[in-house]
Structures are given as C-alpha cells and as structure tokens.
Amino acid sequence: MKGLPQIYFMQTFGILLVVFGHSFYLFPPDNPILQWIYAFHMPLFFFISGYLLHYTHPQTNQMVLTGRKSYLTRRARRLLLPYLIISSLVFVPKALMSQYSVRPVQLTWHDYIDNLIYPFHNVLAAYWFMPTLFIIMFLFMMVARLGLYKYRYIVLGVSLLLYAFVDYGYDSLLNIRGVCHFFIFFVAGYYFRQSRAEQLFHSCPLWKTLPTTLLLSLLALFPLQSVWLDLFTAFNGIALSMCLAQAYERLRLTFLNHLYGATYYIYLYSVFFQILSLQVLLHFVHLPAIVFTPLATLFGVYGPWTMYRFWKGRRSVNLFIKR
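From a predicted model like this one, the values you see are computed outputs, not experimental measurements.

Q: Lay out the overall build of the protein chain with the relevant residues and their values.
A: When its secondary structure is counted, the protein chain shows 14 helices and zero strands. Helices (α) and strands (β) of the protein chain occur, in sequence order from the N terminus, as α-α-α-α-α-α-α-α-α-α-α-α-α-α. Along the three orthogonal principal directions, the C-alpha set of the protein chain runs to about 55 × 45 × 45 Å. Scored against the burial criterion, the 323 residues of the protein chain give a buried share of 49%. For the protein chain, the proportion of contacts with a sequence separation of at least 24, taken over those separated by at least 6, is 75%. Put simply, the protein chain shows about 16,700 Å² of open surface, and 69% of that area lies on carbon and sulfur atoms. For the protein chain, the distance from the average site of its 24 positive side-chain charges to the average site of its 8 negative ones is 20 Å.

Here you go:
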C-alpha cells in the first residue's frame, strides 16, 4: 500500500465481503461463494489493523499505554465499549424472542455473562471480532514495550506456531483460541509495513500478480483439510485484495469512494438491517434466494451508511468511530 487510499479500498472491499457473506442466510456452509469469502476476509481485517498500527505509530515501543488518551484506552473505547453496550441492549429482546432465533439464549445472568466473555456466544455473533482484536493489540503492545518486536522473525515464528498448533474453536474464554489463530495476520501486517516487503510487492507487475492471486484464491474451494493450505489461501487473499486496491487506484475508479470511512459503522449496524430485511424478504415477500441475497446485502451496507452520513461529525459517531 502506498498510503491510506488503498487501505480504505481494502477496508471497504473486506466489509462488502462480510455483509455479502452474512446475506447467505439458510445457505449451506460449503457453498462455494462462502468458502471463498471466509478463506481470507477476516485475516484481511487483522492484517490491515497491524499495518495501520505501524502506519500511525512507527515508534510502537515508545507509545503511552495508560491514561485517558493512551492508545489502549482509545482502542478500548472503539472496540470494547460498543461491544459491551450494544450487546447488552440487544440481549433482553433477543432472549424474549429466542423462539424465533437460530441461537436462542435465556434471560438469565449466566447467559448474559456468557454472551460477553465468550465472544462467539454473543447475541450478535459478528461482534466476536472486537474483543479478539483488542486482545491481539494488547499482546502486541506488550511485545513492543519489552522491545521484542525488533526480533521480527522470532515474533513471526511464535505467531506461526500458535496458528499451527492451537486448534481454532468457537468456545474458548475471551476467544483465546481465535487470538492465537489471527495473531499471525496482525503481526504480518505490522511487519509488512515496516519492512521492504511492501516495496517489493508493489514492484511486481500488476498484470501478473492480480490474475495469479485470483487464480490461487480458487484453492479455497477444494475441501482439503490442511492448516498450511488455510494459511496460504488467507495470505493469498490478502495479496489479492492489495492487487485489487492497486488496480482500483491505477484505473482511477471512484465507485466505492462514498463508503470510505464508514466501514466500521457498517460492521457495527449491518446485522440489524440484514435481520430486518431477511425476515421481511423471507417470510412476507417470499423472494427467491437469488433475489433476497443481493437485496439483503444492499440493506446491510446502505442502511448503516445512511446512519453514518446522518450522524457524521456528532458525538455518537465520535464515540464509536473516531480513531
């Protein structure tokens, strides 16, 4: 990436994949489109987060970590505060309407605490990303504070071992298994920005890298149970996203620019618009899947985007959105 414009494209591309994937309601998980999307779309966000950490704070080991305006406090306000508030607000109505839910919960303190400390049990399943990213950031900041981040190959090696030997599951406390799984992508994003790898990648002809990464991304469609193939397809998907960002910039395209800056807002609130649209489209209008999936995607993107535009510059946006 040569700057924020390509990062904005990658964030937008990633969130469109997220919303589109969530629109495949009632589709089997082995659907080829879902397999392709889920092979790399979440690793992409962790990679971007690591990249942006170095982009905004190149002297990571000198950052202030405590205090009202410290890095970790701002990250907690951005990630943990909406996680706690929105999850708590949704918990009661979700429990009262559990008979209509795919993942029912009981209106008890046990289920409420469980929904917070086990992110994949959250009433809003997509929110697992926020506490997971915060813990990864916290751990990496501890590595930086100790000065260990200078030993990039050791840090990358340990991250790789965590990815390979800690089974990825959905039931770990604070999603610790997920932290071990995605830590490698955050670290890779950070060191990609720090090293010459970025310049080397961009020196490769785009007419070669784009079709190559696109073709290799099809490996995600083959049901081969291999942790190394999963890792390869994830990083290849990240490389494909970077190639698309370059192509978008070189061709001077602008059709996604209006979504720049709104991606986190879309992430936070798309689920509400998608649930509403899917319930209406499935139970009242009875549209076929080929119609309701793109419609649910549009609702999931432009519902929150409309809210973002309306509240832009106000305190409610600054609380959850401002970096």
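Now that the structure has been shown, we can carry on.
Q: Residues and numbers for the side chain of S172, please.
A: Its place among the elements puts S172 in the loop between α7 (152–165) and α8 (176–194). Engagement of the side chain of S172 in a polar contact is seen with the backbone nitrogen of R177, the distance being 3.1 Å. Once residues within four sequence positions are removed from consideration, S172 is found in contact with I117, Y118, P119, R177 and G178.

Q: Give me the packing of α7 against α8: which residues, what numbers.
A: Running from amino to carboxyl end, α7 crosses α8 at an angle of 155°, the nearest separation of the two axes being 7 Å. When the axis of α7 is compared with that of α8, the two are roughly antiparallel. Pair α7 / α8 crosses with left-handed handedness. The residues of α8 that touch α7, namely those facing R152, V155, L156, S159, L160, L162 and Y163, are C180, H181, F183, I184, F185, V187, A188, Y191 and Q194. A breakdown of the residues in the contact of α7 with α8 according to their chemical character gives 12 nonpolar, three polar and one charged.

Q: Talk me through the packing of aromatic side chains; I want residue IDs and the actual numbers.
A: Applying the stated criterion to the full structure yields 38 aromatic pairs. Taking 4.6 Å as the distance between ring centres and 75° as the angle between the ring planes, the aromatic pair formed by F120 and Y170 counts as edge-to-face. Here Y170 lies in the loop between α7 and α8 and F120 lies in the loop between α5 (109–117) and α6 (129–145), a separation of 50 residues in the sequence. On the basis of an interplanar angle of 70° and a centroid distance of 6.4 Å, the ring pair of F140 and Y191 is categorised as edge-to-face. In this pair, F140 sits in helix α6 while Y191 sits in helix α8, placing the two residues 51 residues apart along the sequence. The residues F140 and Y191 share a single accessibility class, namely buried. Stacked on the ring of Y264, the Lys or Arg R78 has its end atom at 4.2 Å from the ring centre.

Q: Describe in detail a nonpolar patch on the surface, supporting the description with residues and values.
A: A contiguous nonpolar surface patch, about 580 Å² in accessible area, is contributed by W109, I113, I117, L173, L174 and I176. Judged by relative accessible area, which is 32%, I117 ranks as partly exposed.

Q: I'd like a description of helix α3 (residues 41–56), backed by residues and values.
A: Given a rise of 1.5 Å per residue, 16 residues ought to cover 22 Å, and the 23 Å separating the end C-alpha atoms of α3 matches this to within 8%. The element α3 is extensively covered by neighbouring structure, given that 14 of its 16 residues are classed as buried.

Q: Report on the pattern of salt bridges, specifying residues and quantitative values.
A: A complete count under the given rule lists one salt bridge for this structure. The partner of E198 in a salt bridge is R193, and the shortest N-O contact between them spans 3.6 Å.

The rules we used
Residues numbered from 1 in each chain as written. Predicted model: local features only at pLDDT ≥ 70, side-chain atom pairs only at ≥ 80, totals over all residues. Heavy atoms only, no water. Helix = DSSP H or I, 4+ residues; strand = E, 2+ residues; numbered from the N terminus. Buried < 20%, exposed > 50% of the residue type's maximum accessible area, 1.4 Å probe, protein only. Contact = heavy atoms within 4.5 Å. Areas by Shrake-Rupley, 256 points an atom, 1.4 Å probe, with all protein chains shown as cover. Lys, Arg positive; Asp, Glu negative; His and termini not counted. Charge placed at Lys NZ, Arg CZ, Asp CG, Glu CD. Polar contact = N/O pair within 3.5 Å; in protein donor to acceptor, adjacent residues only side chain to side chain. Axes fitted to C-alpha atoms, helices over the stretch in contact; angles between N-to-C directions. Parallel < 35°, antiparallel > 145°, perpendicular 65-115°, else oblique. Left-handed = near helix turned anticlockwise from the far one by under 90°. Nonpolar A, V, L, I, M, F, W, Y, C, P; charged D, E, K, R; others polar. Phe/Tyr/Trp six-rings, centres within 6.5 Å; stacked < 30°, edge-to-face > 60°. Lys NZ or Arg CZ within 6 Å of the ring centre and 35° of its normal. Patch = residues over 30% accessible without salt bridge, like charges linked within 9 Å, V, L, I, M, F, W, Y side chains within 5 Å. Salt bridge = Lys/Arg side-chain N within 4 Å of Asp/Glu carboxyl O. Expected span 1.5 Å × (residues − 1).

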